[in-house]
Amino acid sequence: MSAADNISTILASGARLTVPLAFAACGEYLAERAGTVNISVEAMMLGGAFGAIAGASVTGSATTGLVTGMLVGLLIGFVHGNLSHRAAVNTFVVGLVLNTLVLGLTSYLIVTGTFTGHQVWQVSVPVLRDIPIVGQVLFVERWPVYLLIALVPLTWWLVERSRWGLELRAVGEDPQAADVTGINVNARRRQALLWCGLLAGLGGAYLAVGEVGSFSQNMTAGRGFIVIAAVIFGAWRLGRTLLGCALFGLADAMRLALPALGFQLNSQLLIVAPYLLALLAMLLFAAKDREPRALGKAFERGTA
């Protein structure tokens, strides 16, 4: 293969691996702007992946499976929000418990059940797909990828321009002041978790019925935590967050593509590379002065 073909292969793989991260990152970004560090995003993605394959197996439709995965993520967001804000359980503990529960439950169900693989259809854009290098990267993709193109500006508009987004940012910066103005702080945070669950479930579902076409134990393999690292890398700005997702996706793609292209590198180092990159990103690029001031802090007024 020529150098251009090698580059195109790596970029195409990187783009595909970025998509599930980007879906989940849009949700996690919104949740953190509301002041919630959503550790359960890993559970949402893993549950979404399993829900997608289960739904597709029952109905025979990968698109229905995609919707099922989103609903599973939404359910996990609902549970997290109510345990954190109504039952007043520590949100970090809730997230860790949900991650462990979903990992164990999906591992059990995939072993005891029988599921058939399905994939959503691919869209190839005429003329644009023939552009050298980038044509096969951007214009020959599974159809949910094009949904992401609309979802990114929608998420930005919701946070930065809508009345709901203004209230969301207010509860992330100063929940006490927001409460005084009549905003239901914990209700807004629960709504942010629901949005995060929906999109993280979509990210996991895309991984299952878009990228792979099947489900395996611990399929997301820590991608939820990489999403959290991407939000920190992006200094709680959507554009930079998505750039972080692209960097992590490219690192993961190189792990998979380089050995196939004949490059002899330490396999264990390649496996750990995306996670090392995530750690370095948090250490070097986190802008503490930009994080929501109430991030990770519970709102104690019990009127939500």
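Rules and cut-offs
- Residues numbered from 1 in each chain as written.
- Predicted model: local features only at pLDDT ≥ 70, side-chain atom pairs only at ≥ 80, totals over all residues.
- Heavy atoms only, no water.
- Helix = DSSP H or I, 4+ residues; strand = E, 2+ residues; numbered from the N terminus.
- Buried < 20%, exposed > 50% of the residue type's maximum accessible area, 1.4 Å probe, protein only.
- Contact = heavy atoms within 4.5 Å.
- Areas by Shrake-Rupley, 256 points an atom, 1.4 Å probe, with all protein chains shown as cover.
- Core = buried A, V, L, I, M, F, W, Y, C linked by side-chain atoms within 4.5 Å.
- Salt bridge = Lys/Arg side-chain N within 4 Å of Asp/Glu carboxyl O.
- Axes fitted to C-alpha atoms, helices over the stretch in contact; angles between N-to-C directions.
- Parallel < 35°, antiparallel > 145°, perpendicular 65-115°, else oblique.
- Left-handed = near helix turned anticlockwise from the far one by under 90°.
- Expected span 1.5 Å × (residues − 1).
- Bend = angle between axes of the 7 residues up to and from the residue.

**Points about the overall build of the protein chain**
No. 1: Looking only at helices and strands, one finds 12 helices and two strands in the protein chain.
No. 2: Ordered by position from the N terminus, the helices and strands of the protein chain form the series α-α-α-α-β-α-β-α-α-α-α-α-α-α.
No. 3: Split into buried and exposed, the 304 residues of the protein chain put 50% on the buried side.
No. 4: Long-range pairs, those at least 24 residues apart, make up 77% of the contacts in the protein chain between residues at least 6 apart in sequence.
No. 5: Accessible area of the protein chain: about 13,700 Å², with a carbon and sulfur share of 66%.

**Observations regarding the environment of Val145**
No. 1: Locating Val145 in the fold gives a position in helix H6 (residues 144-160).
No. 2: Classification of Val145 as buried rests on a relative accessible area of 12%.
No. 3: As for Val145 and Ala15, which are separated by 130 residues in sequence, their C-alpha atoms are 9.5 Å apart.
No. 4: Discounting residues that sit within four places of it in the chain, Val145 has contacts with Val19 and Tyr206.

**Some remarks on the environment of Val125**
No. 1: Inspection of the secondary structure puts Val125 in the loop between strand E1 (122-124) and helix H5 (134-138).
No. 2: Take Val125: its relative accessible area is 23%, and that puts it in the partly exposed class.
No. 3: Taking the C-alpha atoms as reference points, Val125 and Val140, separated by 15 residues in sequence, lie 6.5 Å from one another.
No. 4: With residues up to four places along the chain from it excluded, the contact list for Val125 reads Phe139 and Tyr146.

**With respect to the nonpolar core**
No. 1: Counting 73 residues, the largest nonpolar core has Val209, Phe215 and Phe248 as the members making the most contacts within it.
No. 2: Counting residues per element, this core draws most heavily on helix H9 (residues 185-212), at 12 residues.
No. 3: Sequence-distant contacts of Phe248, that is, excluding residues within four places in its chain, are made with Leu21, Ile226, Ala229, Ala230, Pro274, Leu277, Ala278 and Ala281.

**Here's the deal with the pattern of salt bridges**
No. 1: One pass over the structure, following the stated rule, counts six salt bridges.
No. 2: Of the charged contacts, one joins Arg163 and Glu167 as a salt bridge, the two residues approaching to 3.3 Å between their closest N and O atoms. Of this pair, Arg163 and Glu167 both sit in helix H7 (residues 163-173), four residues apart, which is roughly one turn of that helix.
No. 3: Overall, the relative accessible area of 61% leaves Arg163 in the exposed class.
No. 4: Close ionic contact of Asp252 with Arg223 constitutes a salt bridge, the shortest N to O distance being 3.3 Å. Here Asp252 is found in helix H11 (residues 238-260), whereas its partner Arg223 is found in helix H10 (residues 223-233), with 29 residues between them in sequence. The pair formed by Asp252 and Arg223 is uniform in burial state, with each residue classed as buried.

**Remarks on the packing of helix H2 (residues 41-59) against helix H4 (residues 91-112)**
No. 1: In contact at an axis separation of 8 Å, H2 and H4 are set at 20° when each is read in the N-to-C sense. Taken together, the axis directions place H2 and H4 in an arrangement best described as roughly parallel. Once H2 is placed against H4, the crossing between them reads as left-handed. Contacts between H2 and H4 involve Glu42, Ala43, Leu46, Gly47 and Phe50 on the former and, on the latter, Leu98, Asn99, Val102, Leu103, Thr106, Leu109 and Ile110.

**Section: H6**
No. 1: Taking 1.5 Å of rise per residue, 17 residues should cover 24 Å, and H6 covers 24 Å from first to last C-alpha, within 8% of that figure.
No. 2: Along H6, the helix axis deviates most sharply at Ala150, where the bend reaches about 25°; the proline Pro153 sits within four residues downstream.
No. 3: Among all positions in H6, only Pro144, Val145, Leu148, Leu151, Thr155, Leu158 and Val159 are buried.

**Quick look at the environment of Cys26**
No. 1: Among the structural elements, Cys26 can be located in helix H1 (residues 3-33).
No. 2: Overall, the relative accessible area of 0% leaves Cys26 in the buried class.
No. 3: Spatially, the C-alpha atoms of Cys26 and Leu148 are 9.5 Å apart, while their sequence positions differ by 122 residues.
No. 4: Residues contacting Cys26, with those up to four places away along its chain left out, are Val152, Thr155, Trp195, Leu199, Leu238 and Leu242.

**Description of the side chain of Thr106**
No. 1: Here Thr106 is to be found in helix H4.
No. 2: Here Thr106 falls in the buried class, since its relative accessible area comes to 4%.
No. 3: Residues contacting Thr106, with those up to four places away along its chain left out, are Leu46, Phe50 and Phe215.

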